[in-house]
Every structure is written in structure tokens, then in C-alpha cells.
Amino acid sequence: MEEIKKTCLHDRHIALGAQMSPFGGFDMPIQYEGIIEEHTAVRTACGVFDVSHMGEVTICGADAERFVGHIFSNDVREMAVGKILYGMMLNEHGGVVDDLLVYKRGENDFFLVINAANIDKDMAWIEKCAEGFDVEIIPLSDQLGELAVQGPEAEAVMEQVLGIACRDLAFYTFKESELDGAHILVSRTGYTGEDGFEIYADHDTIRSLWDELIESGRAKPCGLGCRDTLRFEVGLPLYGDELADDITPLEAGLGIFVKLDKPEFIGREALAAQKAAGAPRKLVGLELADRAIARHGYEVVDEEGNVVGHVTTGYRGISVDKSIAAALVDARCAATGTQLSVRIRRKTFPATVTSKKFYKKSYKK
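First, a word on scope: everything that follows refers to the structure included in this document. (Residues numbered from 1 in each chain as written. Predicted model: local features only at pLDDT ≥ 70, side-chain atom pairs only at ≥ 80, totals over all residues. Heavy atoms only, no water.)

1. Section: the layout of surface pockets
Quick reminder of the rule: Whether a set of points on the 1 Å grid over the protein atoms alone is a cavity depends on a 1.4 Å probe fitting there but being unable to get out, while an open set qualifies as a pocket with protein on both sides within 12 Å along at least five of seven lines; lining residues are those with an atom within 4 Å of a point. Grid points are joined across faces, edges and corners, and a volume is the space filled by probe spheres set on the points. A helix here means a DSSP run of H or I that spans at least four residues, while a strand means a run of E at least two residues long, and both kinds are numbered starting from the N terminus. Under the scheme applied, nonpolar residues are Ala, Val, Leu, Ile, Met, Phe, Trp, Tyr, Cys and Pro; charged residues are Asp, Glu, Lys and Arg; polar residues are all the others, including Gly.
Considering only enclosed or pocket space, the second largest pocket measures out at about 280 Å³ in volume. Lining the second largest pocket are 20 residues, and of these K5, F26, S141, D142 and Q143 sit closest to its centre. Elements that contribute at least two residues to the lining of the second largest pocket include exactly α4 (119-129) and β9 (144-150). Counting residues per element, the lining of the second largest pocket draws most heavily on α4, which supplies four residues. The class makeup of the residues in the lining of the second largest pocket is eight nonpolar, seven polar and five charged.

Okay, structure coming up:
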């Protein structure tokens, strides 16, 4: 049995009385005070998440740009230094190996942030695909920790509590600097639908910054429970739910992050064919007429009782106070307003197809 990992902040979570649970191979905090309280803090003020379980890898060398373009669905050719792109690594069938962020640090120098549960798989995939390219692949997951400071007050908290100037950062950009003699990388992306920042640094620095934030009382410690409810309400995907090896970006509604007009990349041929034919399945939002909660894997059925898909994520919305879900369904059932049902245990509950964005994002413009 594989030993569960701990982040550099594990002792802090225990001291705060967090409810801990395995996630992505790590023992992670699910909640402290409660998911509703933490969710609300991020929507209205500021929360801080330990996301040190995420994976990081640097790709550099003479062929780095060409190689990243080969394994990444988005187009890195025109990226400016300091810019970030979201996209996916795809398999030959167009399924998603992982979704990730690519940071351009310099000429032929890229920093990739990958999902915790996929670190080993992704590293093996990257190394396999690198054959024939003049690149150096540098794994950094064990060396770096990461904090996510999220919410409408995040900018003020970053500057006033941590002394990190960040108001100049535009959305999906980053900068690197020194803080008390330590190297830090600060980005402005967010996975909550609110304005927010990520701080990457060595473990000692992450521990120090966490302590400052908690002691200030201006950033509520938040667990992965509300991270999931927050991202879900604004229609952001989670690998393993809305994305997987057998789900394509076109099915997941993420075609904007797939640049079919750029040079050949892994999965391009399969996605071009799927786009031409039309994706057979589509990810949709569902609003249930009842207070019942549709969980991952529950069957979705049409009006004749035929199974037409499955739920990927479902909650009683915290910011919207409705029973809502995302579901991957047959394309013929994907039109807004279509009447479907969800099987929850032995009963079926009526549901209406809606946008999968249940709550409006509030990113910095």
C-alpha cells in the first residue's frame, strides 16, 4: 500500500483541528470551521488554501517551446514572459492526460503546474514524449509548497499582511522576486471564481507565510471541501470528474483551450475529427427540482427512462441555494431547457439542463 504524503503545512492543519482526508495521495484538510463558512469567506472576504500537494516541473532547453507545444493543447508560441496559459495534455485519442497551467519564465523556459493525483503519471508521460527533443525536465514537486490566497480582499491581504506587491499583476500573469532572502513566484489565476493569488516557494517560506496569514486573522484557513464547491459553482473542471483519459476537451466544453490551427500536437488528429463530426457527449449543468443532491457517478436518464449520461459533480449550491450538478450526457440531450432526471438511490428526480456556470466569476479585469 502506497504511503500517504504530507504537505509542509500538515502540522499546522492538525493544530487548527482540521478534518483531514486523503486526496491525490496526500493527507489534506477538507474543512476547519465548516465548508459553508469557508466558502462564504472566499466569496465575501479572503481565504487561504494549502495547495502544496500540486505538482510542479520545469521544462527548459533548446527545444523547450517546441516540446511544450507538442504536449500541450494551447499555443505557447506567442506567449510573453510572465504570461500563464491553461490547457491540457492529451493522449492520442484526444482524452485528457491532465489539465494544467503553463508559465513562461523565459526563452525556452517553462514552469508547469499539474494535478497532485497525476504527478507520477504526468512525469512518466512527459519523459516518454520528450524522446527526440533537446529538453531538460526538472521535477520540483518535492521542493516547493504553494498557497492560494483567494477572495475579493486577497490583493489587500497579500500586500498589507505579507508585504508582497501584487496589484500590478494582471489576470493570468506572474512574477518572480525575493522575499526575506527567499525566491518566490506569485501568480494571479485562482480556482474559486474570485480574485486570487498563488505563491510558490520553499517549504520554510510557505510555513512562515501561512503563519502570518493565520495570525493576522484576515485570511480564513480553507479546506479542499470549499475549494470544490467554489470551483464547481463557476463551472471550472476537476480532473477525475469533468476531465479524464476518456473525456475530451470538446466534450467538456473546453474547446477554447485547444488550438487546432497550431503545429501538430498529441491528440490533435483525434480532436479535429471529433470537432468535424460533433462531440458525441457534452458536459452540461443540471438544476434539480428537488433538494436532493446528485453525486458523482449517478445516472442521468431521459423522459423515456434511458440512461443518457452520468453526474460528474453535484452539490446543494452554497452561493446559489439550489440543488445543482454537472453531468456528461449524450449530445442530443444537451440543449438548454431539456428535461432529464437523475437517479438517486432508488428514486428519480426531475432536472433541467442549464449552463454549467451557476455563479458569476469575479476575477480582476
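Moving on from the coordinates now.
2. Concerning empty space enclosed by the protein
Considering all chains together, one arrives at one cavity of 30 Å³ or more under this definition. By volume, the largest cavity is sized at about 80 Å³. Along the lines of polarity and charge, the residues of the lining of the largest cavity split into seven nonpolar, one polar and three charged.

3. Topic: the environment of Y172
Filter applied, for reference: Whether two residues touch is decided by their heavy atoms; if any such pair falls within 4.5 Å, the residues are in contact.
Looking at where Y172 falls in the secondary structure, it is placed in the loop between α5 (154-160) and β10 (174-179). Sequence spacing of Y172 and K262 is 90 residues, and the spatial spacing of their C-alpha atoms is 21 Å. With residues up to four places along the chain from it excluded, the contact list for Y172 reads G82, K83, I84, L85, Y86, L101, R188 and T189.

4. Looking at the state of the cysteines
Two cysteines joined by a covalent bond between their sulfur atoms form a disulfide. Filter applied, for reference: A pair of cysteine sulfur atoms is labelled a disulfide when the two atoms are within 2.5 Å. Note on exposure labels: buried denotes an accessible area under 20% of the residue type's maximum, exposed denotes more than 50%, and partly exposed covers the range between, all computed with a 1.4 Å probe on protein chains only.
In total, this model carries zero disulfides according to the counting rule given. Considering cysteine sulfurs only, C222 is the nearest to C8, which forms no disulfide, with 17 Å between them. Looking at C8, the relative accessible area reads 10%, which means it is buried. C60 takes part in no disulfide bond, and the closest cysteine sulfur to it belongs to C129, at a distance of 17 Å.

5. Observations concerning the nonpolar core
Note on soluble globular proteins: their nonpolar side chains tend to be buried together. To keep things clear, this is the line we draw: We define a nonpolar core as any set of buried Ala, Val, Leu, Ile, Met, Phe, Trp, Tyr and Cys residues linked to one another through side-chain atoms lying within 4.5 Å.
Membership of the largest hydrophobic core comes to 39 residues, with the highest contact counts inside it found for F49, Y86, L101, Y103, F111, V113 and L243. Counting only elements with at least two residues in this core, the list comes to β5 (84-90), β6 (96-106), β7 (109-114), β9, α7 (224-233) and β17 (323-330). A total of four residues in this core trace back to one element, the largest contributor, which is β5. Look past the residues within four positions of V113 in its chain and what remains in contact with it is M54, G55, E56, L100, L101, Y103 and Y200. Within the second largest apolar cluster, 27 residues are counted, among which are A18, L169, F197 and I199.

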